[in-house]
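# Examining the three-dimensional arrangement
What follows is the residue order along each chain.
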Amino acid sequence: MTSINRNIFITLLALMALSACGDKQPIEEIYTDFRLDIVTYAGHTDEGGIHSFDYYGPDNGEPTRLVYVGNLAPRGDGERVLLRYTTNDALAPGAVATLTSCMMTAIVSDTLRVTERQPGQLPADPVRLRSIWRTGPYLNVHCELEYTGETREFGLVADATTLAADTVTCRLVHGLMGAHPMQWRTCYASFWIGDCLSKPSCRVLRVIVPNDVIRPDKNVYYFDNQ
């Protein structure tokens, strides 16, 4: 990964709804237990259609390598994706698990940005936060955003004045850029925070989610750098 980018936002042309490669599934798959995780696409081989993913747990341990043999459209190496899968193997750190089924969906995959702007100068259009969690060197978000069909601003930014502190403060920013909202849509996003966590001074990541319409009184989350 590259170092922390000082551009402020990732600009999206469209938000990806949670839809996979088709609406119809065999009836036996509907009732099969499966996992749904945000993982890192780790590459593929043309011969045999072997795809690899890295699954990180909630701490700083080694990832589990997930391997699937089948027909998938490749993604960029290092891209974060939403994976619906089944496996008979344990997801142990540093181990390899073979997947028996796999469905991959593109999500917002980006890097923590740094800003020197004051909070009042940042976009703060509403979000519906469903969950926010850390896996290894990534911060993951499941939320709903208002769909406009137009370019928007959405990203995770760090306060530059806190980068050398033991608690680094970040904000989830969302801006509609003046577009007219139509309806809420599901959004998954994952942000690389590894450069921040690798700083010896960083012990805690403090994440502010302004304008959450689901929990307006709960907008600060803390993640230990263990």
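Provided above is the structure to which this section pertains.
Residues numbered from 1 in each chain as written. Predicted model: local features only at pLDDT ≥ 70, side-chain atom pairs only at ≥ 80, totals over all residues. Heavy atoms only, no water.

### A closer look at the sheet that holds strand 7 (residues 108–111)
With respect to topology, 4 strands assemble into an open sheet ordered 7-13-10-9, the strand pairing being mixed. The open sheet has two free edges, formed respectively by strand 7 and strand 9 (128–135), since each of these has just one partner strand. Averaged over neighbouring strand pairs, the angle between their axes works out to 25 degrees when direction is ignored. Judged from the 4 bridges that link them, strand 7 and strand 13 (residues 183–192) form a sheet pairing that is parallel. (Pairing = 2+ DSSP bridges. Helix = DSSP H or I, 4+ residues; strand = E, 2+ residues; numbered from the N terminus. Axes fitted to C-alpha atoms, helices over the stretch in contact; angles between N-to-C directions.)

### Let's talk about the state of the cysteines
For the structure on display, the rule yields 0 disulfides. Between Cys143, a free cysteine, and Cys187, which holds the nearest cysteine sulfur, the sulfur-to-sulfur gap is 4.5 Å. In this structure Cys196 is not part of a disulfide, and its nearest cysteine sulfur, from Cys202, lies 4.2 Å away. (Disulfide = S-S within 2.5 Å.)

### Looking at the pairing of strand 12 (residues 167–175)
Burial analysis of strand 12 places 7 of its 9 residues in the buried class, the great majority of the element. Of the pairings in the sheet, the one linking strand 11 (residues 152–159) to strand 12 comprises 6 bridges and is antiparallel in character. When the bridges of strand 12 are listed, Glu153 appears paired with Gly175. In terms of strand pairing, strand 12 meets strand 14 (residues 204–208) through 5 bridges, oriented parallel. Looking at the pairing, Val168 lines up with Leu205 of strand 14. (Buried < 20%, exposed > 50% of the residue type's maximum accessible area, 1.4 Å probe, protein only.)

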